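Commentary on secondary and tertiary structure
Chain by chain, the residues run as shown.
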Amino acid sequence: MLHRRPISLSSRYCHVQVPRPGGKPKGGTARLFLPMLLVASVIFLIVPGCGGPGAGPALDSPGVEVRKDGVLQAGEFARPRSVVFSDDGKSIAFVTGEPYSTELWVMGWNPSSLKRLLSLEDSKKAGQAEGHCEITLLGWAPRSHKIRFIASGAQAVGPHRGESGFWVGEVDARSAKIRDVAFIPGDPSLWPRDLGVTQDRTHAFFRMYMDIWRVNLESGEKAQVASEVPNWDGLLRLRYSPSGWATAYMTYDIPTRQPVLIIHDLQKGEKLQVSVSPRRVDEQEQSGRELVDLGLYAGFFQGWAPGELAAVALAMPDEVNRGEGPDLPAGAVALRFYDTSGKLKYEVEAPDIRSGKRIGKWAWSPDGTMLAVIAGPLVSCGEDPLTANEVRDVAAAEVWLGRIGEWGLKKLSEIQPPSPVQSSSSHDGGAVTAERISWMPDGSAIEIWFNIPNDQSVTDQSGVRVSRDGTVTPISRPIEFRYLDRDYPVGEIGDRTCFVRTSRKSNFLFHRIFLRDARGKETVIVEGEIEFKEARVEKDVLLILTGKHVYMVRR
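Conventions and cut-offs
Residues numbered from 1 in each chain as written. Predicted model: local features only at pLDDT ≥ 70, side-chain atom pairs only at ≥ 80, totals over all residues. Heavy atoms only, no water. Pairing = 2+ DSSP bridges. Helix = DSSP H or I, 4+ residues; strand = E, 2+ residues; numbered from the N terminus. Axes fitted to C-alpha atoms, helices over the stretch in contact; angles between N-to-C directions. Buried < 20%, exposed > 50% of the residue type's maximum accessible area, 1.4 Å probe, protein only. Salt bridge = Lys/Arg side-chain N within 4 Å of Asp/Glu carboxyl O. pLDDT = per-residue confidence, 0-100. Contact = heavy atoms within 4.5 Å. Phe/Tyr/Trp six-rings, centres within 6.5 Å; stacked < 30°, edge-to-face > 60°. Lys NZ or Arg CZ within 6 Å of the ring centre and 35° of its normal.

On to the sheet that holds strand β39 (residues 522-528). In a beta sheet, neighbouring strands are held together by backbone hydrogen bonds and run either parallel or antiparallel to one another. Across the sheet, four strands lie side by side as β36-β37-β38-β39; this open sheet has antiparallel pairing. Among the strands making up the open sheet, the edge pair consists of β36 (487-493) and β39. Going from strand to strand, the sheet's axes swing by 20 degrees on average, the running direction of each strand aside. Examined bridge by bridge, β36 and strand β37 (residues 496-505) share six bridges and lie antiparallel to one another. Counted as the bridge partner of P489 is F499 from β37.

Below, the structure written as C-alpha cells:
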C-alpha cells in the first residue's frame, strides 16, 4: 500500500499538521478532527506565507512504497529533477514543477520521510503582473540535514513576498523550518545564471546581467565581487575553479592583437589581466631549446586543471573553427596552465609543430600529476551546416604524456582505431577523431572514445584503452540513441545491471526499465508509455527518474 503523509502546513511563521480526512488525528480522537481543521484553516488564512514555503504534501500528495522486490517507488510528481544526495546517502532532495521548478521535496528510505519542504504559489495568482518564481537547488549543507536553494524571480510567498530578485534560503529536512539567508533584488524575469558553489559549500556565486554576486551561505553576507563580465549574447558561460573561488575567460587586447586571460578572484573581488605572449617563458629560454615563434596566436580558455590552474589553448589564427557561436580551436600548438596569480606554471607544446601535428583533446590524471593529450594532424570533418565553414579536428593518431612541473611531452603510444570505425567515420583518407579522452579512476590507464559515425547501422561506439606502459586495447559501448528495441545498460548496482529497452509503438515510445543479475534473473522496475529521464549510481544507490516517478535501488 502507498503510505500517505498528513498535510503539514508550515513556514517560517507557523507549523501546523492536519490529519488526512477520514484518518485518526495524531495524539487525539476523531472528535478533535473538525476543531483542528477549523483552527488550521483560520491560521492558514491569517498567517503570512503559511501553506507556501515549508508547506507539506497537499491532499493529492504523491505516494511512496518500498516494494517486495526492494525497489523504492515514489510518485506521481510533476517532472522530478535535479536530485542531490545527502552526505550520508540516506536522503535525496529534488525539485518538481511544470514548466518551472516550484516545489522542493525530500525523501529517504522510510516511506514516511517524504516531505514537501517548499512550495511557490503561481506568481500571477499571487498578484504579480509578470514573471515567475523558480527554485534552484544549491545542495545540502555540509554534514547536515539542511538543504539550500535559490528562489529566483517574482517572489509570491515567503519573507520577500512582493519583491523581485534572488532569495537564498535554507530549509531543515526534518522540521521543515526555513532560514532566510539573503536576498538580492533583481528583474523578475531573471534566473541565477552561471551558478556555482564553492568546494567547501560555504559560498554560492551567480551572474546577474554582467555582475557576479557572492553569498555566504552560513552568515548571509552578500557582495558584488565582479562587474562588466562580458555576456557575448549569452554564449559565455563562466567556469569556476576546483575550489570555486575563481573564474576565468579569454578576451583580446585590440592594440597588440594578443589574447588576454582574465581571472577573477572571487574571494578578494579582484580582477587580473594576463597577457598570453606567443613566446615561451624564461624557464625554456634558459634550457637552450630552440624557440618556435609561429607568429600571432589565437587563445582559448579551456577550463580548469587540478591545483587551481587555468588552462589556455594556443592555436594558429587560420586553424580556428569559426561558427555562429564562440570560435573553437581546431587543434592547439600549445597548452598553458596559469595559477590564479597569473603566473605561468606549466606549458606543453605540440610534438613536431612544423610538420603539422597539433594537440587535440586532453585530460589530467585523477591525482593531478599527469597530463594525457591526443596528438595528430588536422583533418577535415566536413562543413558546419549553419555557416558552411569547414570544420577541422585533430586526428586521433598518438597519445602523449606530460608530467606536472616538467616542460614537454613524451610519446606513450600510437593509436590504431578499430577498422569498423575507421571505415564508417573516416575523414581525409581514414583518419578518426576523438569525442573525449579520460583517465580510469585509479589512474592506471587512459580511455579514448572516437566520434560516432553517421552510419546508422553502427550501434556501438568504439574506443581504445591505453595503459601506462603503452598497451592499446580496443573497447566499445552502446550508443544510446541507436538502441531502439535493444537492451541498453544505464548503471550497475552490486551484481545487477540496469537496462532500458525502448520500442516504438504507434506514435509513442514504450520503455521497459529492469534489473538483470549475474544469473540472468530480471526484475522489472517500470514499463509502459513513460518518459525516461535519467539513471545513475551514487552513494551506493541506483537512482532512476521518469517524467512522474522516482525509483531507488540499494546495492
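Residue E76 is bonded to the preceding G75 through a cis peptide linkage, with omega at 10 degrees. Within the element layout of this structure, E76 appears in the loop between β4 (72-75) and β5 (81-85). In this model, E98 is joined to P99 through a cis peptide bond whose omega is 0 degrees. With respect to the secondary-structure elements, P99 resides in the loop between β6 (91-96) and β7 (103-108). The phi dihedral of R143 falls on the positive side, at around 50 degrees, and the residue is not glycine. Examined against the element boundaries, R143 turns out to sit in the loop between β9 (133-140) and β10 (146-154). Residue D194 is not a glycine yet carries a positive backbone phi of 50 degrees. With respect to the helices and strands, D194 occurs in strand β13 (residues 193-197). Note on D194: relative accessible area 12%, which makes it buried.

Glancing now at the pattern of salt bridges. Here the structure, examined in full by the defined rule, presents 26 salt bridges. Between E98 and R79 there is a salt bridge, and its shortest N-O distance comes to 3.6 Å. Placement of E98 in the loop between β6 and β7 and of R79 in the loop between β4 and β5 is noted, with a sequence separation of 19 residues between them. The class of E98 is exposed, set by a relative accessible area of 55%. Take R79: its relative accessible area is 29%, and that puts it in the partly exposed class. We note a salt bridge from R536 to E534, for which the minimum N-O separation is 2.4 Å. In this structure E534 comes out as partly exposed when scored by relative accessible area, which is 25%. Connected through shared salt-bridge partners, D487, R501, R512, R516, E522 and E527 make up one network.

The next thing to look at is the pairing of strand β38 (residues 508-516). By the bridge criterion, nine bridges tie β37 to β38 in an arrangement that is antiparallel. In the strand pairing of β38, T502 is matched with H511. Where β37 hands over to β38, the hairpin turn is made up of two residues, of which S506 adopts a positive phi near 55 degrees. Linking β38 back to β39 in an antiparallel pair, the connection comprises five residues, with G520 at a positive phi of about 95 degrees.

Right, let's talk about the pairing of strand β14 (residues 203-208) for a bit. Working note: regular strand, side chains alternate between the two faces of the sheet. Taken across its six residues, β14 has six buried, putting it largely inside the fold. Neither face of β14 is exposed, since H203, F205 and R207 on one face and A204, F206 and M208 on the opposite face are all buried. Relative to β14, β13 runs antiparallel, the two being bridged by three bridges. Paired with G196 across the two strands is F205, which belongs to β14. Between β13 and β14, which pair antiparallel one after the other, the connecting turn spans five residues, and R201 there sits at a positive phi close to 60 degrees. Where β14 meets strand β15 (residues 211-216), six bridges bridge the pair, whose relative direction is antiparallel. Within the sheet, the bridge partner assigned to A204 lies in β15 and is V215.

Attention shifts here to the sheet that holds β7. Reading across from one edge, β5-β6-β7-β8 is the order of the four strands in this open sheet, with antiparallel pairing throughout. The sheet terminates laterally at β5 and β8 (115-119), the two strands that pair on one side only. Averaged over neighbouring strand pairs, the angle between their axes works out to 20 degrees when direction is ignored. Across three bridges, β5 lies against β6 in antiparallel orientation. Following the sheet pairing, V84 is matched in β6 by A93.

In the predicted model, the protein chain carries a mean pLDDT of 83, and 81% of its residues have values of at least 70. Contacts from residues 280-292, a stretch scored under 50 in pLDDT, to residues over four places away or in other chains number 22 contacts. With pLDDT under 50 throughout, residues 420-429 is counted as low confidence; its partners more than four residues away or in other chains account for 22 contacts.

Here we take up the packing of aromatic side chains. If you walk through the whole model with that rule in mind, you get 13 aromatic pairs. Connected via pairs of aromatic rings, a cluster forms that spans F337, Y346, W362 and W364. Between the NZ or CZ atom of R477 and the centre of the ring of W449, over which it lies, the distance is 4.0 Å. A cation sits over an aromatic face here: R486 above Y483, 4.1 Å from the ring centre.

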